[in-house]
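If you want the building blocks of each chain, they are given just below.
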Amino acid sequence: MWPEGMRCAASFTFDFDAEEAWVADDPANADRPGVLSQGSYGAKVAVPLILDLLRAHGVTATFFVPGRVAERHRERVEQIVDAGHELAHHGYTHTSPASLSPEDEETELVKGLEVLRSFGTEITGYRSPAWDFSPHTERLLERHGFGYSSNFMDDLRPYRRAGSSLIEVPIQWILDDAAHFWFDGDTWTKKISTASEVREIWEGEFRGYHRLGGAFVLTMHPQVIGRPYRLELLDGFLGSVRSHDDVWIATCREIAARG
């Protein structure tokens, strides 16, 4: 499945949600600059730091971006594209397709595509804002020319969806930074993990993917992973993965081509 001499694959992906995660969750948040500043940090501070880190390691990543984020932070998305990273679809707004009518879901999909294509790059990948599909999502993705999805948790390797032209590039919550670091401001009951705890989890998972020949897909959010302490985690983890000469580090689009 992998290029000659490669035992497994690894992909570093970023869901660049910025303020949109809070606005889509509650439109009233659009008038709450303090709340939105949590997402603004991702665009203002984190993305440039992440791009510098990826450049230092020679790693090409995949950035899943909602269309409205690309409109609001066009310069940042241009920097992502200019650095050679893959740009992929993450909705127009950060709204789960499962909560939309078929007509509204298609409108979201098309509007997001139009915005992302305006950056002059091919858009072939789709990640739902909630890792959730409606009964119509797969058909709509095929209709609008997508090549792969990165939403399901049922395998360790890319595979072709049954009865579909789409290749699935599987993900998992344990490999998502938000599952470990996201702060629950409503209840104040969720513990924020230390970077060392998360590094241990990700290292252990990576060893398993390496042993089994899978595609290790790490999902991160600039406003989450882009804190100084956590960037140290990412820096060290990137170096650890790169130290293996039999690991193919690739974009999701490149991994999907092997499915």
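Look a little higher up for the structure.
Residues numbered from 1 in each chain as written. Predicted model: local features only at pLDDT ≥ 70, side-chain atom pairs only at ≥ 80, totals over all residues. Heavy atoms only, no water.

Enquirer: Help me understand the state of the cysteines in this model?
Expert: Think of a disulfide as a covalent bridge from one cysteine sulfur atom to another cysteine sulfur atom. Counted according to the given criterion, the structure contains zero disulfides. Cys8 carries a free sulfur, and the closest cysteine sulfur to it, the one in Cys252, is 14 Å from it. Owing to a relative accessible area of 0%, Cys8 belongs among the buried residues under this scheme. Cys252 gets classed as buried once you look at its relative accessible area, which sits at 0%. (Disulfide = S-S within 2.5 Å. Buried < 20%, exposed > 50% of the residue type's maximum accessible area, 1.4 Å probe, protein only.)

Enquirer: Could you clarify how one ought to interpret the pattern of salt bridges in this entry?
Expert: Any two side chains of opposite charge can pair, so long as their charged atoms come close to each other. Counted according to the given criterion, the structure contains ten salt bridges. Where Arg161 meets Glu138, a salt bridge forms, and the shortest distance between an N and an O atom there is 3.1 Å. Taken together, the residues Arg161 in the loop between β6 (159-160) and β7 (167-168) and Glu138 in helix α6 (residues 137-143) connect sequence positions 23 residues apart. With respect to class, Arg161 is no different from Glu138; both count as buried. Between Arg199 and Glu203 there is a salt bridge whose closest N-O contact spans 2.6 Å. On the criterion of helical spacing, the pair formed by Arg199 and Glu203 is a turn pair, its members being four residues apart in helix α8 (residues 195-212). Look at Arg199 and you get partly exposed, because its relative accessible area is 26%. Ionic contacts of the salt-bridge type, sharing partners, join the residues Glu19, Glu20, Arg68 and Arg72 into one network. (Salt bridge = Lys/Arg side-chain N within 4 Å of Asp/Glu carboxyl O. Helix = DSSP H or I, 4+ residues; strand = E, 2+ residues; numbered from the N terminus.)

Enquirer: Looking at this structure, I do not really get α8. What am I missing?
Expert: Residues spaced three or four apart along an α-helix face the same direction, because each turn holds 3.6 residues. Taking 1.5 Å of rise per residue, 18 residues should cover 26 Å, and α8 covers 26 Å from first to last C-alpha, within 8% of that figure. Turning to α8, its buried residues are Ala195, Val198, Trp202, Glu203, Phe206, Gly208, Tyr209 and His210. Against the buried residues of α8 lie β1 (8-15), α7 (177-181), β8 (215-220), α9 (222-225), α10 (228-242) and β9 (247-249). Gly213 occupies a position one or two residues after α8 and carries a positive phi of about 75°. (Expected span 1.5 Å × (residues − 1). Contact = heavy atoms within 4.5 Å.)

Enquirer: Sorry if this is basic, but what is going on with the packing of helix α2 (residues 33-57) against helix α4 (residues 74-82) here?
Expert: To describe two helices that pack against each other, one gives the angle between their axes and the distance between the axes. In contact at an axis separation of 11 Å, α2 and α4 are set at 5° when each is read in the N-to-C sense. With respect to each other, α2 and α4 are oriented roughly parallel. Every residue of α4 that contacts α2 at Ala43, Lys44, Val47, Pro48 and Leu51 is listed here: Arg76, Gln79 and Ile80. (Axes fitted to C-alpha atoms, helices over the stretch in contact; angles between N-to-C directions. Parallel < 35°, antiparallel > 145°, perpendicular 65-115°, else oblique.)

Enquirer: Can you walk me through the pairing of β1 in this structure?
Expert: Successive side chains on a regular strand alternate, one facing one side of the sheet and the next facing the other. The element β1 is extensively covered by neighbouring structure, given that eight of its eight residues are classed as buried. Along β1, one buried face is formed by Cys8, Ala10, Phe12 and Phe14 and the opposite face, lined by Ala9, Ser11, Thr13 and Asp15, is buried too. Inspection of the sheet shows β1 paired to β8 by six bridges, in the parallel sense. Each bridged residue has a counterpart across the sheet, and for Phe12 the counterpart in β8 is Leu218. As paired elements, β1 and strand β2 (residues 62-65) share three bridges and run parallel to each other. Residue pairing in the sheet places Phe14 in a bridge with Phe63 of β2. (Pairing = 2+ DSSP bridges.)

Enquirer: Any chance you could explain the nonpolar core here in plain terms?
Expert: Looking at soluble globular proteins, one finds that nonpolar side chains tend to be buried together. Grouped together as the largest cluster of nonpolar side chains are 56 residues, with contacts concentrated most on Phe14, Phe16, Phe63, Val65, Trp202 and Ile225. Here the element with the most residues in this core is α2; it accounts for eight residues. Setting aside residues up to four positions removed in sequence, Ile225 forms contacts with Phe14, Ile50, Asp177, Phe181, Trp202, Met220, Arg230, Leu231, Leu233 and Leu234. Core analysis: the next-biggest nonpolar cluster, separate from the first, contains 16 residues, Trp2, Ala88, Val217 and Cys252 among them. (Core = buried A, V, L, I, M, F, W, Y, C linked by side-chain atoms within 4.5 Å.)

Enquirer: I would appreciate a short explanation of α4 in the present structure.
Expert: All buried positions along α4 are accounted for by Arg76, Val77, Ile80 and Val81. An end-on view of α4 places all buried positions within 140° of arc, on one side of the element. Looking at α4, the residues exposed on the side facing more than 90 degrees away from the buried face are Glu75 and Asp82. Note on α4: the residue one or two positions beyond its end, Gly84, has a positive phi of about 90°. (Arc of directions from axis to C-beta.)

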